[in-house]
Amino acid sequence: MPTTVRTAGLRSLKLMEYAALATIAVATGIAIIQEVLVMVERLEVRLADLLLLFIYLEVLAMVGVYLRSGQLPVRMPIYIAIVALARYLILDMKGMDFWQVVGVTLGVLLLAIAVLVIRYGHVRFPYEGYSADEPTDRRGG
């Protein structure tokens, strides 16, 4: 009985996971369409628009990676944060004082260093293979 309950619980969680991923993918697709419509209406494409589209593209790529592997690489949200900070810097640089620009730039630098540290850790200390879908059998069988 406990195995059946556990299996049903895991299936329920997996269904909720897929529902959330579908919601994120659909919402991101709608956001992309809305942004393209704004550019068409303005008859102009700005760098900020392109960076926003790259953010949306990274979100879709993150959903795709999660669906394929069942795991979310920590680096992907960091990449999104870097692009978001770059977009913020581009859009608001004229209204920022020196220290705000330095702060955002240092944020980008710290995130880039974090990506390098994570990559180094993955190469130097690789994970042991495991499947997230298969529960471990602690009885040795």
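In what follows, the accompanying structure is described. Counting from 1, residues in each chain are numbered in the order their sequence is written. Only residues with pLDDT of at least 70 are given local features in this predicted model, and only at 80 or more are side-chain atom pairs given and counted; all residues enter the totals for whole chains, interfaces and linings. Working from all heavy atoms in the structure, the side-chain values ignore hydrogens and water.

**Concerning the overall build of the chain**
To be explicit about the condition: Under the scheme used here, helices are H or I runs from DSSP no shorter than 4 residues and strands are E runs no shorter than 2 residues, and both carry numbers assigned from the N terminus. C-alpha atoms define the radius of gyration in this analysis, and the globule rule sets the expected value at 2.2 Å times the number of residues to the power 0.38. For every residue, the accessible area (1.4 Å probe, protein chains only) is compared with the maximum for its type, and the residue is labelled buried under 20%, exposed over 50%, or partly exposed between those bounds. Two residues form a contact once any of their heavy atoms are found within 4.5 Å. With residues, only the protein chains shown are counted as cover, and all accessible areas are computed by Shrake-Rupley using a 1.4 Å probe. Working convention for charge: Lys and Arg count positive, Asp and Glu count negative, and His plus the chain ends are omitted. By convention, the point assigned to a charge is CZ for Arg, NZ for Lys, CD for Glu and CG for Asp.
Helix and strand content of the chain: 4 helices and 0 strands. Counting helices and strands in the order they occur from the N terminus, the chain gives α-α-α-α. Whereas a compact globule of 141 residues would reach a radius of gyration of roughly 14 Å, the chain reaches 20 Å, over 25% beyond that. In terms of its C-alpha atoms, the chain occupies a principal-axis envelope of roughly 65 × 40 × 20 Å. Counting only residues that meet the buried cut, the chain has 18% of its 141 residues in that class. Nonlocal contacts in the chain, meaning residues at least 24 apart in sequence, comprise 57% of its contacts between residues at least 6 apart. With an accessible surface of roughly 10,700 Å², the chain has 68% of that area assigned to carbon and sulfur atoms. A gap of 7 Å separates the mean positions of the 13 positive and 12 negative side-chain charges of the chain.

**What to know about helix α3 (residues 75–92)**
Filter applied, for reference: An expected span of 1.5 Å times one less than the residue number is assigned to each helix.
In a regular helix each residue adds 1.5 Å, so 18 residues correspond to 26 Å; α3 covers 26 Å between its end C-alpha atoms and thus fits that length. For α3, the full list of buried residues reads M76, I78, I80, I82 and L89. Buried-residue contacts for α3 involve α2 (47–69) and α4 (98–124).

**Overview of the side chain of T28**
Of note, T28 is situated in helix α1 (residues 2–42). When neighbours within four sequence positions are excluded, T28 is seen to be in contact with Y56, V59 and L60.

**Here's the deal with the packing of α1 against α2**
Note the cut-off: Only the stretch in contact is used when fitting a helix axis, every axis being a line fitted to C-alpha atoms; angles between N-to-C directions are given from 0 to 180 degrees. What sets the label is the angle itself: under 35 degrees gives roughly parallel, over 145 gives roughly antiparallel, 65 to 115 gives roughly perpendicular, and the rest give oblique. Each helix crossing is assigned a hand: it is left-handed if the near helix lies turned anticlockwise from the far helix by less than a right angle, otherwise right-handed if that turn is clockwise. Under the scheme applied, nonpolar residues are Ala, Val, Leu, Ile, Met, Phe, Trp, Tyr, Cys and Pro; charged residues are Asp, Glu, Lys and Arg; polar residues are all the others, including Gly.
Running from N to C, α1 and α2 point in directions that differ by 160 degrees, and their axes come no closer than 10 Å. If you check the angle between α1 and α2, you find them roughly antiparallel. Pair α1 / α2 crosses with left-handed handedness. Residue-level inspection shows E17, Y18, L21, I24, A25, T28, A31, I32, E35, M39 and R42 of α1 in contact with α2, the latter providing D49, L52, L53, Y56, V59, L60, V63, Y66 and L67. Grouping the constituent residues of the contact of α1 with α2 by class yields 15 nonpolar, 1 polar and 4 charged.

**Considerations on unusual backbone geometry**
Negative phi values dominate among residues other than glycine, just as trans dominates among peptide bonds. Positive phi is not limited to glycine here, since L43 has a value of about 55 degrees. By secondary structure assignment, the location of L43 is in the loop between α1 and α2.

**Comments concerning the packing of aromatic side chains**
As a reminder of what qualifies: Aromatic pairing here means that ring centres of Phe, Tyr or Trp (its six-membered ring) are within 6.5 Å. Orientation follows from the plane angle: under 30 degrees is stacked, over 60 is edge-to-face, and everything else is tilted.
This structure, assessed with the given rule, holds 1 aromatic pair. Each ring, one from F98 and one from W99, has its centre 5.0 Å from the other, and the planes form 80 degrees; the classification is edge-to-face. Comparing F98 with W99 shows no difference in burial state: the two are exposed.

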